[in-house]
Amino acid sequence: LFFSDSLQDQFDNLEKHTQWGIDVLEKYIKFVKERTEIELSYAKQLRNLSKKYQPKKNSKEEEEYRYTSTRAFLATLNEMNDYAGQHEVISENMTSLITAELTRYVQELKQERKSHFHDGRKAQQHIETCWKQLEASKRRFERDCKEADRAQQYFEKMDADINVTKADVEKARQQAQLRHQMAEDSKAEYSSTLQKFNSEQHEHYYTHIPNIFQKIQEMEERRIVRIGESMKTFAEVDRQVIPIIGKCLDEITKAAESVDHKNDSQMVIEAFKSGFEPPGDVDFEDFTQPMKRTVSESSLSNSRGDGKSEPKFGSKSKGKLWPFIKKNKPPPPPPASASPSAVPNGPQSPKQQKEPLSHRFNEFMTSKPKIHCFRSLKRGVTGPEDFSNLPPEQRRKKLQQKVDELNRDIQKEMDSRDALTKMKDVYIKNPQMGDAASVDLRLAELGQNIEKLRLEVQKFEVWEETSHCCVFPLLSSPDGSYTEEQSQETEMKIPATDFDDEFDDEEPLPTIGTCKALYTFEGQNEGTISVAEGEMLYVIEEDKGDGWTRIRRNEDEEGYVPTSYVEVYLDKNAKGAMTYI
């Protein structure tokens, strides 16, 4: 079927239809453009999501990614990044292969359509002009015929009238002949115009218009084919990235299948294994006799100060303190119901009043081994060089890591020394290339560095060997860090500076509220602070259940006071100075 056969009289409707076709094409272009924007936005959101959950460099999160489950999660994040890249590829391909191409094609299509319909309207105007000329010739021929007929009737009338002069009759005859001649000329012109019009009309309807309609039909069919091909390309662009997206999903599945719960559990054990053994049984305390409570070496309390026994490092249960026990912190104050007058000298010294056994047992069940306080971990404050503040297993690992690190440094220095030695040999053989003596100073420095590093390695290896054969009892300071008891002397007497020196350079704990002293308290014990009734102070650590609150008067004065002696006002948004373990 052809437009020229069936739509010759539907020129206007065909013009509207082709315009509608262009509108459909532009609508499809807009649809694809919005799809590419969605793909870009989706890819950007996926990349941001992957970046958001990536571990931060040089942070605690990075250490957590040694477990198989977290490594699988990291692999998922990386694959999501690649997954987002494929959506960007979809957007780029749709933009270049569909949006850009169709936009250019629409412009060409509009120009072509305009040209075809301009030719059609021009042909219509020409045939209409020919029709008007034919109509004018026809009317003129009709008018001349009527006038010739009237002139003939007038001549006949004049000729029959005997009263009319001969001159008038001749004049009427001549006028009739003139009109007849004019009618003949109009007839000839009308006949010629009619033949011309018929020829133009035939050429219009059988040549010009069919050609124009054929071109319009071809244009319209090309548009339809083009939009169909674009839709196919639309699907192919998606199909091309499906294999890569499938690989991303396969890698995520592979990462998920690599999760090993047994391996993660073993890594947790290796990471936090302290080497301590559970404490022995608690000795019976006979309060019926006025004697000082005796505590066995294997009890939950630390036998320090009596000098009766010496730690036995070869024993499994003797000479070790379970790492959950807190020391050097004042004992609980008297009950809140007791008035200050009932306790004239304030709370008893830790050496005079023992913590209740139930309190120690609860502490054992609920607390965790405190390796460093949170502030030390956060600020990167390290402990002693020999890592004696760590449990045995952790200490052994740290020492081994240090030895490996020093060995790597030694190897680097030796490689540098070998390279300089070779350079010196080249200078000796070829003096023009350089002075051999110029590298002697650097070689001497490298030799000294290697010797220093070897001494360091020997020192850490000795510490590592002692960590294998000896397990020292640990004491925990008020902030929860460990100190090792190397001898009976340090067991019996530990200066207060042991803990103060560790945190000399630390920032003070933040205040979490204020408090008002209800009674006067004389802080005579280590770690306490004296307060006067009615005095206002800052709270830096709230009561952890042991009956003591840590307060500060100024930058240099802080300590513990009985919780029952003060009225505490905590800030609503304060998290508290908690000691992490």
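Residues numbered from 1 in each chain as written. Predicted model: local features only at pLDDT ≥ 70, side-chain atom pairs only at ≥ 80, totals over all residues. Heavy atoms only, no water.

Colleague: How do you make sense of the UniProt feature "coiled-coil region" (unreviewed entry) in the protein when you look at a structure like this?
Modeller: When the UniProt feature table is mapped onto this chain numbering, "coiled-coil region" (unreviewed entry) sits at residues 155-186 and 396-456. In residues 155-186, the share of helix is 84% and the share of strand is 0%. The end C-alpha atoms are 21 Å apart. (UniProt positions renumbered as here; feature names shortened; annotations may be inferred. Helix = DSSP H or I, 4+ residues; strand = E, 2+ residues; numbered from the N terminus.)

Colleague: For this particular structure, what's the right way to read the pattern of salt bridges?
Modeller: Pairing is possible between side chains that carry opposite charge, provided their charged atoms lie close to one another. The full count for this structure, using the stated rule, is 23 salt bridges. For R140, the salt bridge identified is with E189, shortest N-O distance 2.3 Å. Placement of R140 in helix α4 (residues 68-160) and of E189 in helix α5 (residues 166-257) is noted, with a sequence separation of 49 residues between them. Among the residues examined, E189 registers a relative accessible area of 35% and is labelled partly exposed. Residues E558 and R550 are paired through a salt bridge, measuring 2.8 Å at the closest nitrogen-oxygen approach. The partly exposed category is assigned to E558, whose relative accessible area is 31%. Owing to a relative accessible area of 17%, R550 belongs among the buried residues under this scheme. Put simply, E541, R550, R552 and E558 are held in one network by salt bridges that share partners. (Salt bridge = Lys/Arg side-chain N within 4 Å of Asp/Glu carboxyl O. Buried < 20%, exposed > 50% of the residue type's maximum accessible area, 1.4 Å probe, protein only.)

Colleague: Hey, could you run me through a nonpolar patch on the surface in this one?
Modeller: A cluster of nonpolar side chains, namely L49, Y53 and F73, defines an oily patch on the protein surface of about 280 Å² accessible area. Along the chain, Y53 turns up in the loop between α2 (11-52) and α3 (60-64). Exposure remark for Y53: the relative accessible area of 40% places this residue in the partly exposed category. (Patch = residues over 30% accessible without salt bridge, like charges linked within 9 Å, V, L, I, M, F, W, Y side chains within 5 Å. Areas by Shrake-Rupley, 256 points an atom, 1.4 Å probe, with all protein chains shown as cover.)

Colleague: Just checking my understanding: could you explain helix α6 (residues 261-272) for this structure?
Modeller: Since there are 3.6 residues in each turn of an α-helix, residues three or four apart along the chain are aligned in direction. The end-to-end C-alpha separation of α6 is 17 Å, in line with the 16 Å expected for 12 residues at 1.5 Å each. By the burial criterion, the buried members of α6 are D264, M267 and A271. Angularly, the buried residues of α6 cover 60° about the axis, an arc narrow enough to put them on a single face. The inward-facing, buried residues of α6 abut α4 and α9 (392-429). (Expected span 1.5 Å × (residues − 1). Arc of directions from axis to C-beta. Contact = heavy atoms within 4.5 Å.)

Colleague: Is there a simple way to think about the sheet that holds strand β6 (residues 558-562) in this case?
Modeller: Sheet strands associate in pairs through backbone hydrogen bonding, adopting either a parallel or an antiparallel arrangement. In space, the 5 strands of this open sheet follow the order β6-β5-β4-β3-β7, with antiparallel pairing throughout. Looking along the sheet, the strands with just one partner apiece sit at the ends: β6 and β7 (566-570). Sheet twist, expressed as the average angle between the axes of neighbouring strands with direction ignored, equals 40°. With 3 bridges joining them, strand β4 (residues 536-541) and strand β5 (residues 548-552) adopt antiparallel strand pairing. Bridge pairing in β5 places E541 opposite R550. (Pairing = 2+ DSSP bridges. Axes fitted to C-alpha atoms, helices over the stretch in contact; angles between N-to-C directions.)

Colleague: Whenever I open this one, the nonpolar core confuses me. Can you help?
Modeller: Judged by nonpolar contacts, the single largest core of 30 residues is most densely connected at L25, Y28, M94 and I98. Elements represented by at least two residues in this core include exactly α2, α4 and α5. Looking at this core element by element, the count peaks at 11 residues for α4. Those residues within four positions of M94 in sequence are excluded, and the remaining contacts are V32, R35, T36, T99, F234, V237 and D238. With 14 residues, the next largest nonpolar core counts C515, L537, W548 and I551 among its residues. (Core = buried A, V, L, I, M, F, W, Y, C linked by side-chain atoms within 4.5 Å.)

Colleague: Hey, could you run me through the confidence of the model for the protein in this one?
Modeller: The predicted coordinates should not be examined in detail at positions where pLDDT is low. When pLDDT is averaged along the protein, the result is 76; 73% of the residues meet or exceed 70. Per-element confidence in the protein is highest for α2, whose mean pLDDT is 93, and lowest for helix α11 (residues 488-492), whose mean pLDDT is 37. Taken as a whole, residues 291-381 scores under 50 in pLDDT and shows 182 contacts with residues more than four places along the chain or in a different chain. In the model, residues 470-505 has pLDDT below 50 throughout and makes 86 contacts with residues more than four positions away in sequence or in other chains. (pLDDT = per-residue confidence, 0-100.)

Colleague: Which parts of the structure should I look at to understand α5?
Modeller: End to end, α5 covers 133 Å across 92 residues, agreeing with the expected 136 Å (1.5 Å per residue, within 8%). Roughly 45° is the biggest bend found in α5, and it falls at H204. (Bend = angle between axes of the 7 residues up to and from the residue.)

Colleague: Honestly, the environment of Q201 in this entry has me stumped. Any pointers?
Modeller: As for its position among the elements, Q201 is in helix α5. For Q201, a relative accessible area of 30% corresponds to the partly exposed category.

Colleague: Mind showing me how you'd approach the packing of aromatic side chains here?
Modeller: Geometrically, a pair of aromatic rings is defined through the distance of the ring centres and the angle of the planes. With the rule as written, the count across this model stands at 9 aromatic pairs. Taken together, a centroid distance of 5.8 Å and an interplanar angle of 5° make the contact between F141 and Y190 stacked. Of this pair, F141 sits in helix α4 while Y190 is found in helix α5, placing the two residues 49 residues apart along the sequence. The class of F141 is buried, set by a relative accessible area of 18%. (Phe/Tyr/Trp six-rings, centres within 6.5 Å; stacked < 30°, edge-to-face > 60°.)

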